[in-house]
Amino acid sequence: MLADSSDCGITLMYLPFSDDAPLPKFKDCAKHPHVNETGFVVYYTDQCPFTYYWVPRVAEFAKENGIYLKTVHIEDKETAQNLPAPILNYALFYNGEFVTHAIQSDKKFLEIANKLIK
């Protein structure tokens, strides 16, 4: 069953174990992903081993190419539950707007950066 959707197209689905189960929903910060920061910002956790590998490499690549990228490593439950995005393992923003939840390699990040930086 559909429970909730975010502005960036992520849908929360659920299968209740009982008829009186509460309806799950996104917090507003996740439902309407946005950050008040300029440039690229990535929020990530160690939930996926690829973030551990790619985020530091992409951060170094961005630095070498003069692209501002702030990385925010989420390490606790409270911070994760209040992220400005519905996806916890990786969320990339540019100038405050949600870009993707797909983990970026250096080449993929450069493609995105070239499209967004004008």
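So, here is what we can say about the structure in this document. (Residues numbered from 1 in each chain as written. Predicted model: local features only at pLDDT ≥ 70, side-chain atom pairs only at ≥ 80, totals over all residues. Heavy atoms only, no water.)

1. Focus on the overall build of the chain
Right, on to step 1. In terms of regular secondary structure, the chain is built from four helices and six strands.
Right, on to step 2. Ordering the α and β elements of the chain from the N terminus gives β-β-α-β-α-β-α-β-β-α.
Right, on to step 3. Projecting the C-alpha coordinates of the chain onto the three principal axes gives extents of approximately 55 × 30 × 20 Å.
Right, on to step 4. Taken over 118 residues, the chain has a buried fraction of 38%. (Helix = DSSP H or I, 4+ residues; strand = E, 2+ residues; numbered from the N terminus. Buried < 20%, exposed > 50% of the residue type's maximum accessible area, 1.4 Å probe, protein only.)

2. Notes on the sheet that holds strand β6 (residues 97–100)
Right, on to step 1. Reading across from one edge, β4-β3-β5-β6 is the order of the four strands in this open sheet, with mixed pairing throughout. Looking at which strands have only one partner, the edges of the open sheet turn out to be β4 (69–73) and β6. Strand-to-strand twist of the sheet, defined as the mean angle between neighbouring strand axes without regard to direction, takes the value 25°.
Right, on to step 2. Here strand β3 (residues 40–44) runs beside β4; their pairing, made up of five bridges, is parallel. From the neighbouring strand, Phe40 faces β4, where its bridge partner is Leu69.
Right, on to step 3. Contacting β3, β4 and β5 (90–94), helix α2 (residues 49–64) crosses the sheet at an angle of about 155° to β4.
Right, on to step 4. Along the sheet, helix α4 (residues 106–116) contacts β3, β4, β5 and β6; its crossing angle with β3, the most-contacted strand, is approximately 140°. (Pairing = 2+ DSSP bridges. Axes fitted to C-alpha atoms, helices over the stretch in contact; angles between N-to-C directions. Contact = heavy atoms within 4.5 Å.)

3. Side note on unusual backbone geometry
Right, on to step 1. Of note in the backbone geometry, Asn95 takes a positive phi value of approximately 50° without being a glycine.
Right, on to step 2. Assignment of secondary structure puts Asn95 in the loop between β5 and β6.

4. Describing the environment of Gln47
Right, on to step 1. Considering the arrangement of structural elements, one finds Gln47 in the loop between β3 and α2.
Right, on to step 2. A relative accessible area of 60% places Gln47 in the exposed class.
Right, on to step 3. A C-alpha to C-alpha distance of 9.1 Å links Gln47 and Tyr90, two positions 43 residues apart in sequence.
Right, on to step 4. In this view, Gln47 contacts Leu88 and Asn89; residues no more than four positions away in its chain are not counted.

5. Quick word on the nonpolar core
Right, on to step 1. The biggest cluster of nonpolar side chains holds 14 residues, and the ones touching the most others in it are Phe40, Val42, Ile67, Leu69, Tyr90, Leu92 and Phe109.
Right, on to step 2. Mapped by element, the contributors of at least two residues to this core are β3, α2, β5 and α4.
Right, on to step 3. With 11 residues, the next largest nonpolar core counts Val35, Val41, Ala80 and Leu83 among its residues. (Core = buried A, V, L, I, M, F, W, Y, C linked by side-chain atoms within 4.5 Å.)

6. Digging into the pairing of β6
Right, on to step 1. By the bridge criterion, three bridges tie β5 to β6 in an arrangement that is antiparallel. For Leu92, the partnering residue across the bridge sits in β6 and is Thr100.
Right, on to step 2. The loop that links β5 with its antiparallel partner β6 comprises two residues; one of these, Asn95, has a positive phi angle of about 50°.

7. Some words on the pairing of β3
It is a general feature of regular strands that their side chains alternate between the two faces of the sheet.
Right, on to step 1. Most of β3 sits out of view: five of its five residues are buried.
Right, on to step 2. Here β3 shows no split at all, with Phe40, Val42 and Tyr44 on one side and Val41 and Tyr43 on the other all buried.
Right, on to step 3. One crossover worth recording links β3 to the parallel β4 by way of α2, and it is right-handed.
Right, on to step 4. Bridging between β3 and β5 involves five bridges; their strand directions are antiparallel. Bridging from a neighbouring strand, Val41 pairs with Phe93 of β5. (Right-handed = clockwise from strand over helix to strand, strands pointing away.)

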